[in-house]
Amino acid sequence: MEPEKALEAVKSGATLLLLDVPQYTLIGIDTQAFYVGPAFQGIKMIPPGVHFVFYSSSTRDGKEFSPIIGFFMDAGRSQVVVRRWNPQEECLLKVSEEEEERYSRAVRNLEFDKHLGPYDRSHYADWKRLSNYVTKSTIERLEPIGGEITVTCESGMLKNTRKNAMERALDEHLRNSKFSTPGEKSQRRGCYYTPIPHIVKRKGIESGQLTSLNLDKTELLETLLVKDYGGSEDSLLGELQFAFIAFLMGQSLEAFIQWKSLVSLLFGCTEAPFRTRSQLFTKFIKVIYYQLTYGLQKDSRIVEAGASAVLDDSWFSSDSFLHHLCKDFFSLVQDASVVDGDLLSWTRKLQELLENRLGWEFQQKSGVDGIYFEEDDEYAPVVEMLDEPSES
């Protein structure tokens, strides 16, 4: 970058001033991650907007790392965000308003400039595709008290949550971890995600209608959009992106379960994609496409530090929930008599991505083939079996 443009980027961009961070600590912002060197004091030239900052403390030799801690921030033009390392708790804490103002003036006077690493803007397009629906209001609505997202306090929080075999294994590993913090002792709380019912229950309706409500999640989607998202489709997509980022970069199991719930809800709609919500589903497929495109690219710098420990290949096995949902949805789009052109185009792109990257197959062998559910899959539809009429 030319000196004039670089200086303008420094002045107009936001700055993340990180004081007293030990050497070898893993620091990340958005899709970028690196290890702290002896002169590091933060990141400059950050484009205004939403970002996710995450970090992991290490042993003195830089070979072992603690679980990730992360937080979202909405950075304004020329804003300076100041955090100081707390060696006892091994985390970044906010400073007083007086200190923040003093350090902000020093940053704007370029007193810290040589100790600040530049935000790599060549990766910014990837980040925008992962976060374009996440807004300041999304963060304020969903973030935990204190703003920090970390898996270490989720064991007790997820104790009564229904999980599949893989998630139960991760939860058991979490409970046995030396970094685990008992839920009742931890002052941190989880994110305020929207509750997504796994099974639709309603009194006073016939069993056939109840079965239909669980086979097609369109009515549930419409109810949630009005009740929890103020009618805003983009707010729902913002929560989907928030959860994916918190899962992938922040290592949060709670976030993965919410992402899975939202994906299962949307892929479980059979009417909405073709009648009332075709634009929503086009945007949804694009979001999933970019999430999986990025998620399947394993950044060795992050993997070494364990930040992608929960994004194992087993999440993408051919018998995973995502494979089942995609197979049914692709078949639905293919067999639809009328389908929006953009929705069809992006659905084909997603199918090609999964076939090429993961070797998944989606060809149906019969009229009923493709409807699969794991034995303990809480997202499987509820089918009411009616008693056969007795012989007279």
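Check the entry above for the structure.
Residues numbered from 1 in each chain as written. Predicted model: local features only at pLDDT ≥ 70, side-chain atom pairs only at ≥ 80, totals over all residues. Heavy atoms only, no water.

1. Considering the overall build of the protein chain
- Along the backbone of the protein chain there are 14 helices and 10 strands.
- Across the 392 residues of the protein chain, 50% fall into the buried class.
- A fraction of 74% describes how many contacts in the protein chain between residues 6 or more apart in sequence connect residues 24 or more apart. (Helix = DSSP H or I, 4+ residues; strand = E, 2+ residues; numbered from the N terminus. Buried < 20%, exposed > 50% of the residue type's maximum accessible area, 1.4 Å probe, protein only. Contact = heavy atoms within 4.5 Å.)

2. Structural notes on the sheet that holds strand E2 (residues 26–29)
- Strand order across the open sheet formed by 5 strands is E3-E2-E5-E6-E10, with antiparallel pairing between neighbours. Of all strands in the sheet, those bounded by a partner on one side alone are strand E3 (32–35) and strand E10 (149–150).
- Direction of pairing for E2 relative to E3: antiparallel, over a ladder of 4 bridges. Within E3, the position partnered with Gly-28 by the bridge is Ala-33. (Pairing = 2+ DSSP bridges.)

3. Re the sheet that holds strand E9 (residues 117–118)
- Taken together, the 5 strands give an open sheet; going across it, the order is E8-E7-E1-E4-E9, and neighbouring strands pair in mixed fashion. Two strands lie at the open edges of the sheet, namely strand E8 (91–94) and E9, each paired on one side alone.
- Alignment of strand E1 (residues 14–19) against strand E7 (residues 80–86), held across 5 bridges, turns out to be parallel. Residue Leu-17 lies in a different strand from E7, and its bridge partner there is Val-82.
- On the sheet, helix H2 (residues 97–108) packs against E1 and E7 and is oriented at approximately 115° with respect to E7. (Axes fitted to C-alpha atoms, helices over the stretch in contact; angles between N-to-C directions.)

4. Some thoughts on the nonpolar core
- Counting 91 residues, the largest nonpolar core has Leu-221, Trp-259, Phe-267, Phe-281 and Leu-350 as its most contacted members.
- Leu-221 has contacts with Leu-236, Leu-265, Leu-266, Cys-269, Ala-272, Leu-280 and Phe-281, leaving out every residue within four places of it along the chain.
- Core analysis: the next-biggest nonpolar cluster, separate from the first, contains 10 residues, Val-82, Val-95, Ala-106 and Leu-116 among them. (Core = buried A, V, L, I, M, F, W, Y, C linked by side-chain atoms within 4.5 Å.)

5. Focus on helix H11 (residues 278–295)
- With 18 residues, H11 should cover 26 Å at 1.5 Å per step; its first-to-last C-alpha distance of 25 Å lies within 8% of that length.
- Taking burial as the measure, the 18 residues of H11 include 14 buried ones, the bulk of the element. (Expected span 1.5 Å × (residues − 1).)

6. Some points on the packing of aromatic side chains
- Evaluated as defined, the whole model comprises 23 aromatic pairs.
- Look at Phe-244 and Phe-247: their rings are 6.4 Å apart centre to centre, the planes differ by 70°, and that puts the pair in the edge-to-face class. Taken together, the residues Phe-244 and Phe-247, both in helix H9 (residues 233–248) and 3 residues apart, mark about one turn of the helix. Here the two residues Phe-244 and Phe-247 agree in accessibility, since each one is buried.
- Here the aromatic cluster, defined as three or more aromatic residues joined through ring pairs, consists of Phe-52, Phe-54, Phe-72, Tyr-193 and Phe-242. (Phe/Tyr/Trp six-rings, centres within 6.5 Å; stacked < 30°, edge-to-face > 60°.)

7. Focus: the environment of Leu-236
- Of note, Leu-236 is situated in helix H9.
- We classify Leu-236 as buried; its relative accessible area is 0%.
- Sequence separation between Leu-236 and Leu-224 is 12 residues; the distance between their C-alpha atoms is 9.1 Å.
- Beyond its immediate sequence surroundings of up to four residues, Leu-236 is in contact with Leu-221, Leu-225, Tyr-229 and Leu-266.

8. Thoughts on the environment of His-323
- On the secondary structure map, His-323 appears in helix H13 (residues 321–335).
- Overall, His-323 belongs to the buried group, its relative accessible area being 6%.
- Linking His-323 and Trp-360, residues 37 residues apart in sequence, is a C-alpha distance of 7.7 Å.

9. Regarding the pairing of strand E4 (residues 42–46)
- Across the 5 residues that make up E4, a large majority, 5, are buried.
- Here E1 runs beside E4; their pairing, made up of 3 bridges, is antiparallel. Within E4, the position partnered with Leu-17 by the bridge is Gly-42.
- When E4 meets E9, the two strands line up parallel, connected through 2 bridges. Each residue of the ladder has a partner; that of Lys-44, found in E9, is Pro-118.

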